[in-house]
Structure formats: C-alpha cells, structure tokens
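Working through the structure, step by step
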Amino acid sequence: MVTRRDFIKGMCGAAALASTVSFYPSLAFANVRTDKRLVVVLLRGGMDGMAALAPYGDKNYQSLRGDLSLNKDVLLRVDPFFGLHPSLEPLANLYKKGEMICVPASALPYRERSHFDAQNMLELGSSKPHGLKSGWLNRLVDTINGDDNMALAFGQGMPTIMRGHASVNSWAPSVLPDVGDDYLSLIQKVYANDKLFSQNFARAMDIQDMAMDAVSGNERKMTRKSRSPQAFVTMAGAAGQWLAKQEGPRIATLELGGWDTHVGQGTEGGRLANNLSLFARGIGEMKQGMGQSAWSKTVVIALTEFGRTARPNGNRGTDHGTASTAFLFGGALRGGRMVHKWPGLGDADLYEGRDLRPTIDVNAIVKGVLHEHYGISQRTLSRDIYPNSQNSGLIKGLVRA
Amino acid sequence: MSYNPYVAAHRFGLGSGAEEIKIISKDPKSWLHNQVKSEIDTSLKGSFKNTQAITKQVIKIRRAKTKERKQLMKAGFDLYRHEMEMRFKQAVATNTPLIERLTMFWSNHFAVSLKGKPYLAALTGVYEREAIRPHVLGKFSDMLLSVVEHPAMLAYLDNVQSIGPNSIAGKRRGKGLNENLAREIMELHTLGVDEGYSQDDVIEFAKILTGWTVRPPKLFGGGGEFEFIERIHEPDKRVLLGKTYNQKGQDQGIAALNDLAKHPSTARFIATKLARHFISDDPPKSAIKKLERSFLNSGGDLRELTLTLINMPEVWEQQLPKIKTPYEMVVASFRAVNAPIKKVGFKKIAQSLALLDHLPFQAPSPQGWPDRADDWLSPNAMINRVEWCHAFAQVMRPKENPLELAQSVLSGVSSGDTLLWIERAPSPVDGLALLLASPQWQRR
C-alpha cells in the first residue's frame, strides 16, 4: 500500500526525503528503546466502583445498595467475594487468564467531590488540584528518556496527564472533510523552509500513516459519529495496533466519559451497563489489536477520579463519592486476583456515613506499576513522577518480574 | 529603525486584509499609537445584561433541582454563546485590533474557565466586559481589584466558600478557609510562582480575603453583586510578606492587593508575560528589564506599558517569532478575506474552535492558555490547522487564484516560496487554504 507519506515523498523528491529521514534523529540510535507498554484509560465522571465490581459476599451489600444491587446469579463471580458486572463479560476471561487485577475500595488522596479538581490530581500526580504544571505520564516519558514518538494520546485534544515538557503526540479521527494529497504535498513544499513547521508536519504525516494502517477509512473520517462513546472501542483497537508496532508509541492514553450517573443509572441494563460494556469491549479490542507478543509486555491502568455514594440517591442514581474500583489489565500482570483491604459496608464502615471507605491509595497502585514495569526507583518516583508522595507508599507484586 | 507593517498587523493586531494592510503600511507605528489614545473605546459593543443580573441567573442554577437545573444550564450556555459571538464579531470587524488583543491577553492572565464549573459559562463574557476591558489601558491595580471583586472570579477560585475560622459564621458553622483564590492571586496574577512567599503567606492572605463574596439574591430584589460580608471575615490584623495589615473589613484586602500590584516581583512577572506574548517565546532580558522599569515607574500604568512595548526595538527586530493561537488563526482568516460571519454562522465557528481546542474561557486551569509554540503545534494540532484552513477556504469559495490577495497581505514579510506555490495551486480553494496555512500566516 502506498502511504500518504510515501506519496508525498515521491512527489517532492530529495528535499522531502531529507526532512523525513532526519525527523526522528533519536530513533536511529535508540537501541535501548523500551519494549514495555503502558496504557492509561481515564474513566471521566466518577465511576460507580461497586456497580462495576459488586462485593456480593458482603452481608450488607444487598440492603445497602437497594434498588441498585445486582443479583448474585447475574454477576460474573470470578471471585468468592467480588463479582464483575455482567456487561464486563469480555473481561472475565482476562481475569481467568491472569491478565486482570481489580483494586476495590481505592481512591486518590482527595476527599472533596469536585470532578475537575479530582481529575486534575489524578492527571497531575499532585497532592493539590493545581499543584503541578505537567501531567505524570509526561514526566514518565522524561524519566525513561522517551523519544518524540514514545507517547500518544488518543482523543480530541491533549489530556492534562500528557501535558508538559516532554514531546508527546495526540491523534483523533478527523472531523473535517478530507483534503486530498495535492493540497498536502503543496503544504509540505510551503513548509519546507520553516524548520518548526516542516518537522511537525512530517511527524503529523507519520501519525496519519499509522492511522491508515490501524484504523479503517470510515472510522478515520467519521465526522460527528466519531465523537460518540462508540468511538472508544474503535480507538482502543487502534491503540492496540499502534502500540504493537516496532517504532510505534509505548505509552498511550484513552478516555471514556459518561460515568456521572446521578439519575437512573440502571442495574443489569441501562446507562451504566452500556458504558461498562463499551469499556470492556474497548479493552478486548485493544488486546486483539496488540497481539500476544506486545500484550505480554503491557500494563493497562483504568482509573476514575472518584467513586459514588454507596447508597442510591432519590433518583435511582448515585452522587459523587470517594472510593471506587481501579482496574489493571495486560499480559505483564501477575493477575487473576483482587488486591484489596475491604472496609465493609456497615453504617459505621462508610466514609462520612455515605461513601465506600478508601483503603488503598490509587497513587500507590500507579507507583507500584511504574516501579516494577520500568524499574524506576522509589526515590525517583517520589521525586519526579509523584512529588511529595513518600507517604502514599507503593504496592508491590502487581507486575511479573 | 523600520516598522514592519506585518508585525503591527499580526503581532499587535489580529491580522489584516488587503485594504487594511495598505493603511497600516503608511505608518505602522502611528497606527498602533492611535489605538491606545485616551479617547479609545475599549468596550464590547452590543446590548448585554450586567454582572448582577447574570450572577443571579447563575445562583439559580446552583440552587435548582435536577430537571430545572438542566434548563437553566442551557439558558446559561445560550448566553455564553451569544457573548462569545459578539466578542468574535468585534475581533473580526474592529479597526482597533490592538485593544482586542490586549483584552484577550489580560483576560487570559486573569483566567476564568468554565472547565470544571460549567455553571459559570454565562458569567465569563460579562467578567471580561466589566472587569477586564475597562482597564486594559488603565491601572493594573484597578484591574486586579475589579477581577478579585467579580463574582466570576470569586466563584471560579472558590472564595465564595471561604469562611474565616474565627469569624462569627465560622465559629457557628465549623466551616473553614479556602486558600485557592489567595494562592492563585499570588502565583498566577501578581508575584509569580516561587517568588518569595510561603504557605503561611497564602494562609494569611486567604484570611484577609475572607468575606469577599457574592450577595445572595433577596426576595424583594437585589443580590447577585459583590459584597464584603463582615460576619464571614476573619477578624484581627494579619502579616503578609512581612508587612502588618491592621485595617478593618474590606480595606485590609484592598491594601494587600494594592501592595501586591506594585510589588517588584509583580512588575517582573507581568513584564515577562508581556514580552513573551509580544516579542518571542523566550524574550530577550533587555526587553523584560525595560518593561519592568516601565511598570514600576508608571505605577503599573497599562497604557504606558503598551506604549513601551510598541516603541521597543526588540519587538521589531524579528519578523515572525510567534505562533498564532487557534483562536487568533480563525479570527485572522476572517479578517484576511473580509468575510462576513454569517457566511459561516457562529455555530460552525464555535465547532471549529472546539476542534482546535481553543474555545474562549475554557482553559484547562486557572493558569489560562499557554503562550508558547510548543503548546499549540502538536502534530495533531498541526493537521487540524491544515485541514481547517482548507475547510474554511471551501466555504469561502474564492473565484480566482488568491495570488494578489497573498501578495498584499504578506507584504512586509519574507514569504519564501509561499507565493510561488499559491500561484501554482490547482484551484482557488487550494490557493486560499495554502495562504492561510502558510507558516507566514500561521505566525505573527
């Protein structure tokens, strides 16, 4: 197949070739480029952790959750105490294969209930909502000396978690009409004498090429539709394919919103069930896109900014709460288990009498993964990636040695 | 010293069409000087609701039940869209674009964003109209005070929730201090980050600012405006940056803000930001020094500061050091072809700005939008720009090759091969798209 860049290369001859050859100077020498993959899935809006992973073994579960509780029989009982929501069916297999870890009753070190501040802390890796100027994934790229092609955000705009000093890319299906190669080759000529523009344009074309390989034409140009939640599944599949490539990105982010279920969140079916299904299908597509070899070197961390109230509210929904459930996936995990210190669901067990009590720090999960997956020392983690987080500790044994 | 019309039109202005660049070319410096004369009107033209009316509307959203809240939110966003449309139209049509640029600069410096607090959408437009615009050629200290007294800022940075622990209300309700506004004023609006203040200073300043809040709507009218409420205010004197503030009530805060406004660190911080915006991403130290001195000598007079900028050789030395932000790019494109907004419709324009990740008052944090090329030219952003220029050109449907337009609007700037390729473009649409996407037009 002739790729968009090949085409332009052909059109413009030596000058264009020179610019594309020199455009990953670091790659030519990058014989130590890591083959470890890390994907962070941001579940924006505050996922109901007890809906995703029901503690059906807790004696207070049914009475506390009331209308929102799920019958034991419909749950995917991968564990004698916890069961996955039926919509997460594709994930049950991963769990059985040892490629999934659930961390119930986990939360950020944040006890307020603002989406924005909580997401900021989640993404900045800061102890305050606006405590830092760059996202922790961006600092990770710096720490592991990532090249320009190391990190890719899937979605419209660059998420805070990726922003910062290190060079990172983003990709989203275009919502504008196709422009045609004539125009693009002219653009390349007009940019030839401007270093910043020619380099960035060449990088952009390279990413477009990867998109050509990984995503079918309809999905690359899906206009409005590509902004629908369904796009998450497509993008997750594309992410898998890109991450599998030798020169492709090693670090990626994906985002899935729609978790802010104040009203009518549903149980077996309904709004939340649909979202869970998208999430599970996306993870499945990602694994499939990646193939076994890359998947075996991969950790996927799925995090939300906070959980929801333990009891239903007056609108058959749940309000902003504290602890939720964090999920890890990937062939690099020592998985197939729950990592938890279950706080219980009795009235006195609940945080402020209303929320699932957090017993595990989300940052300790992430730090544990980074420590074992990349061999980053605890000192470096607490200095560069999660400054001032010495107290949050770090969970060991999540990743295979 | 030669004054390049392109620098005047794009770095200080918002880009210009063929007619306007001719006028600018006659005397670029006077063209700028004339825009900062004292009789210049800096307001946004149109008829609008005032802060008090809109604040009452916003408070209603906060108090409404779910169903009603949805409708009120929608009404709030309709108002936001209307304000943004008027703002965009003025940016495209104005013959004092420097005023619009200064407005955007200062409103970004004192950023209020509806990200995270969408119910504030309706207040963002009036915030800029009433707290920023009147002062863009006035005193920095006056702008600072209007900003800190504005309901949009008080709500955005949570001061409306801040209660002095030893105030009458604090003792009764056991609620406490919120440091957000105090911290951001020092870090983002005045001194700059790490400029010699401590966490203790933040707390002291937060206590000083307790009581600065919004008057709740009253049953028989009134409410929705700024009010200093004594019973929320932390009593007693405070020590901020080594100085004791003995004043009672709101005077304590006014005194503290006035001192922050004229602090040498503030002068340096503002000078650096202005130089970064008007000279280059990494501006020369000499330029920062001059602006700093101008700020201190004039007591933070923003007209003086703007004149210092215009008169500074450093500004005119480099041709195209800056990248236009997406918003600037969209405005400049309309100005280039003198296109009426209604040819596209503001809905489409707003969609464009959303795609380009630069909707007004939706910055990701109180820090506002970034002001460096790196932040705006990621590969994906680049493709979006290139594709947007083409889509825009398609809507404009030029009938003939825009070479002549390109020759005039790019006059004054070395255009390399750009003109050559525009001439050879396979269609007038491609030609216009090429002009707008060219490094020359994308830069300023």
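If you're wondering where the values come from, they're calculated on a predicted model, not measured in any experiment. (Residues numbered from 1 in each chain as written. Chains lettered and ligands numbered in written order. Predicted model: local features only at pLDDT ≥ 70, side-chain atom pairs only at ≥ 80, totals over all residues. Heavy atoms only, no water.)

**Here's the deal with the overall build of chain B**
Counting its secondary structure elements, chain B contains 25 helices and four strands. Whereas a compact globule of 444 residues would reach a radius of gyration of roughly 22 Å, chain B reaches 23 Å, a difference of no more than 12%. In terms of overall dimensions, chain B has a C-alpha envelope of 75 × 55 × 40 Å along the principal axes. Burial status across chain B gives 60% buried among its 444 residues. Here the analysis covers contacts within chain B between residues at least 6 apart in sequence; of these, 73% occur between residues at least 24 apart. Of the roughly 17,600 Å² that chain B leaves accessible, carbon and sulfur atoms contribute 51%. (Helix = DSSP H or I, 4+ residues; strand = E, 2+ residues; numbered from the N terminus. Rg over C-alpha atoms; globule rule 2.2 N^0.38 Å. Buried < 20%, exposed > 50% of the residue type's maximum accessible area, 1.4 Å probe, protein only. Contact = heavy atoms within 4.5 Å. Areas by Shrake-Rupley, 256 points an atom, 1.4 Å probe, with all protein chains shown as cover.)

**Here we look at the interface of chain A and chain B**
Accessible area lost on assembly of the parts is the figure often given for the size of an interface. Each partner contributes to the interface: chain A provides 41 residues, whereas chain B provides 42 residues. For the pairing of chain A and chain B, the buried interface totals around 3,600 Å² over both sides, and the portion due to carbon and sulfur atoms is 64%. The interface formed by chain A and chain B holds three salt bridges in total. In this structure, Asp 194 of chain A and Arg 443 of chain B form a salt bridge, with 2.8 Å as the shortest nitrogen-oxygen distance. Viewed at the interface, chain B and chain A are joined by five residue pairs in polar contact (both at pLDDT 80 or more). Mapped by element, the contributors of at least two residues to the side of chain A that touches chain B are β6 (169–171), α9 (181–191) and α10 (195–214) of chain A. With nine residues, the single largest contributor to the side of chain A that touches chain B is α10 of chain A. Of the residues that constitute the side of chain A that touches chain B, the class distribution is 21 nonpolar, 10 polar and 10 charged. (Buried area = accessible area lost by both parts, 1.4 Å probe. Salt bridge = Lys/Arg side-chain N within 4 Å of Asp/Glu carboxyl O. Polar contact = N/O pair within 3.5 Å; in protein donor to acceptor, adjacent residues only side chain to side chain. Nonpolar A, V, L, I, M, F, W, Y, C, P; charged D, E, K, R; others polar.)

**Focus: a positive patch on the surface**
Judged by side-chain charge, Arg 172, Arg 173, Lys 175 and Arg 231 of chain B come together as a positively charged surface patch. The topology assignment puts Arg 173 of chain B in helix α10 (residues 168–173). (Patch = residues over 30% accessible without salt bridge, like charges linked within 9 Å, V, L, I, M, F, W, Y side chains within 5 Å. Lys, Arg positive; Asp, Glu negative; His and termini not counted. Charge placed at Lys NZ, Arg CZ, Asp CG, Glu CD.)

**Let's talk about the packing of aromatic side chains**
Think of a pair of aromatic rings as described by two things: how far the centres are apart, and how the planes are tilted against each other in angle. Residue and element names in this part refer to chain A. Applying the stated rule across the entire model yields 29 aromatic pairs over all chains. When the ring of Phe 81 is compared with that of Trp 342, the centres are 6.0 Å apart and the planes differ by 70 degrees; the resulting orientation is edge-to-face. In this pair, Phe 81 is assigned in the loop between α5 (61–65) and β3 (83–84) and Trp 342 in the loop between β10 (337–338) and β11 (360–361), connecting sequence segments 261 residues apart. The class of Phe 81 is partly exposed, set by a relative accessible area of 24%. (Phe/Tyr/Trp six-rings, centres within 6.5 Å; stacked < 30°, edge-to-face > 60°.)

**Notes on unusual backbone geometry**
All names here are of chain B. Within the chain, Asp 158 stands out as a residue other than glycine whose phi angle is a positive 65 degrees. One non-glycine residue, Asp 236, lies in positive phi territory at about 95 degrees. Residue placement: Asp 236 occurs in the loop between β2 (226–228) and β3 (238–240). Under the relative-accessibility criterion, Asp 236 is labelled exposed at 60%.

**Some words on the domain arrangement of chain A**
All names here are of chain A. Taken domain by domain, chain A consists of domain 1 (1–21 + 175–214) and domain 2 (32–173 + 222–392). Between domain 1 and domain 2, the C-alpha centre-to-centre distance is 35 Å. Each partner contributes residues to the interface: domain 1 has eight residues there, and domain 2 has 17 residues. Summing both partners gives a buried area of about 1,100 Å² for domain 1 against domain 2, and 58% of it is carried by carbon and sulfur. When residues of domain 1 are sorted by the area they lose upon contact with domain 2, Val 175, Arg 203 and Met 210 head the list and together hold 55% of the total. Summed over the shared surface of domain 1 and domain 2, the result is zero salt bridges. Our count for the contact surface shared by domain 1 and domain 2 stands at three residue pairs in polar contact (both at pLDDT 80 or more). Residues belonging to the side of domain 1 that touches domain 2 are distributed by class as follows: five nonpolar, one polar and two charged. (Domains from an automatic or database assignment.)

**Some remarks on the pattern of salt bridges**
Pairs may arise between side chains of opposite charge once their charged atoms sit close together. Residue and element names in this part refer to chain B. According to the stated counting rule, one finds 40 salt bridges over all chains in the structure shown. A salt bridge links Asp 259 to Lys 243, with the nearest nitrogen and oxygen atoms 2.7 Å apart. Pair noted here: Asp 259 is in helix α13 (residues 250–261) and Lys 243 is in strand β4 (residues 243–245), with a separation of 16 residues, a long-range link. With a relative accessible area of 42%, Lys 243 lands in the partly exposed category.

**Comments concerning the packing of helix α12 (residues 231–244) of chain A against helix α13 (residues 271–295) of chain A**
Residue and element names in this part refer to chain A. In the contact formed by α12 and α13, the axes pass within 7 Å of each other and the chain directions differ by 15 degrees. It follows that α12 is roughly parallel to α13 by the angle criterion. The handedness of the crossing between α12 and α13 is right-handed. Contact residues: α12 offers Phe 232, Val 233, Ala 236, Gly 237, Gly 240, Gln 241, Leu 243 and Ala 244, while α13 offers Leu 278, Phe 279, Arg 281, Gly 282, Glu 285, Met 286, Gly 289, Met 290 and Ala 294. When the residues that make up the contact of α12 with α13 are grouped by side-chain class, the tally is 10 nonpolar, five polar and two charged. (Axes fitted to C-alpha atoms, helices over the stretch in contact; angles between N-to-C directions. Parallel < 35°, antiparallel > 145°, perpendicular 65-115°, else oblique. Left-handed = near helix turned anticlockwise from the far one by under 90°.)

**Describing the confidence of the model for chain A**
Mean pLDDT over chain A: 88, with 88% of residues reaching 70 or higher. Counting interchain partners and residues more than four positions distant, the pLDDT-below-50 stretch residues 9–31 of chain A has 21 contacts. (pLDDT = per-residue confidence, 0-100.)

**Comments concerning the pairing of strand β7 (residues 251–256) of chain A**
Residues and elements named next belong to chain A. With five of six residues buried, β7 is to be regarded as a mostly interior element. Looking at chain direction, strand β1 (residues 37–43) and β7 are connected through six bridges and run parallel. Paired with Val 40 across the two strands is Thr 253, which belongs to β7. Of the pairings in the sheet, the one linking strand β5 (residues 151–154) to β7 comprises three bridges and is parallel in character. Bridge pairing links Ala 151 to Ile 251 in β7. (Pairing = 2+ DSSP bridges.)

**Focus: the side chain of His 135 of chain B**
All names here are of chain B. Among the structural elements, His 135 can be located in the loop between α7 (121–132) and α8 (140–148). Looking at His 135, the relative accessible area reads 16%, which means it is buried. Among the polar contacts made by the side chain of His 135, one reaches the side chain of Ser 146 at a distance of 2.8 Å. Beyond its immediate stretch of four places on either side in the chain, His 135 contacts Asp 142, Met 143, Ser 146 and Leu 302.

**A few points about the nonpolar core**
Within soluble globular proteins, side chains that are nonpolar tend to cluster in buried spots. Phe 88, Trp 106, Phe 110, Tyr 127, Phe 205 and Phe 334 of chain B are the most contacted members of the largest nonpolar core, which totals 153 residues. Among all residues touching Phe 334 of chain B, those that are not within four sequence positions of it are Phe 88, Val 92, Ala 339, Pro 340, Ile 341, Val 344, Ile 349, Phe 392 and Met 396 of chain B. (Core = buried A, V, L, I, M, F, W, Y, C linked by side-chain atoms within 4.5 Å.)

**A look at the environment of Glu 268 of chain A**
Residues and elements named next belong to chain A. Turning to its location among the elements, Glu 268 is positioned in the loop between β7 and α13. Taking the C-alpha atoms as reference points, Glu 268 and Leu 75, 193 residues apart in sequence, are found 9.0 Å from one another. Apart from residues no more than four positions distant in its own chain, Glu 268 is found in contact with Leu 70, Val 74, His 85, Pro 86, Ser 87 and Ala 273.

**Details of the environment of Asp 142 of chain A**
Residues and elements named next belong to chain A. Relative to the helices and strands, Asp 142 is located in helix α8 (residues 136–143). Every residue in contact with Asp 142, bar those within four places of it in the chain, is listed here: His 165 and Ala 166. Within the structure, Asp 142 has its side chain in polar contact with the side chain of His 165 (distance 3.2 Å).

**Here we look at the confidence of the model for chain B**
Residues of chain B with pLDDT of at least 70 account for 100%, and the chain-wide mean is 94. Among the scores for the predicted complex, ipTM is 0.92 and pTM is 0.84.

**Some words on helix α15 (residues 378–385) of chain A**
Thr 380, Leu 381, Ser 382 and Ile 385 of chain A are the residues of α15 of chain A that are buried. Those residues of α15 of chain A that are buried lie in contact with α8 and α14 (362–374) of chain A.

**A word on the environment of Ala 121 of chain B**
Residues and elements named next belong to chain B. If you trace the backbone, Ala 121 turns up in helix α7. The buried category is assigned to Ala 121, whose relative accessible area is 1%. For the pair formed by Ala 121 and Glu 400, sequence separation is 279 residues and the distance between their alpha carbons is 42 Å. In contact with Ala 121, other than residues within four places in its own chain, are Gly 76, Phe 77, Tyr 80 and Leu 114.

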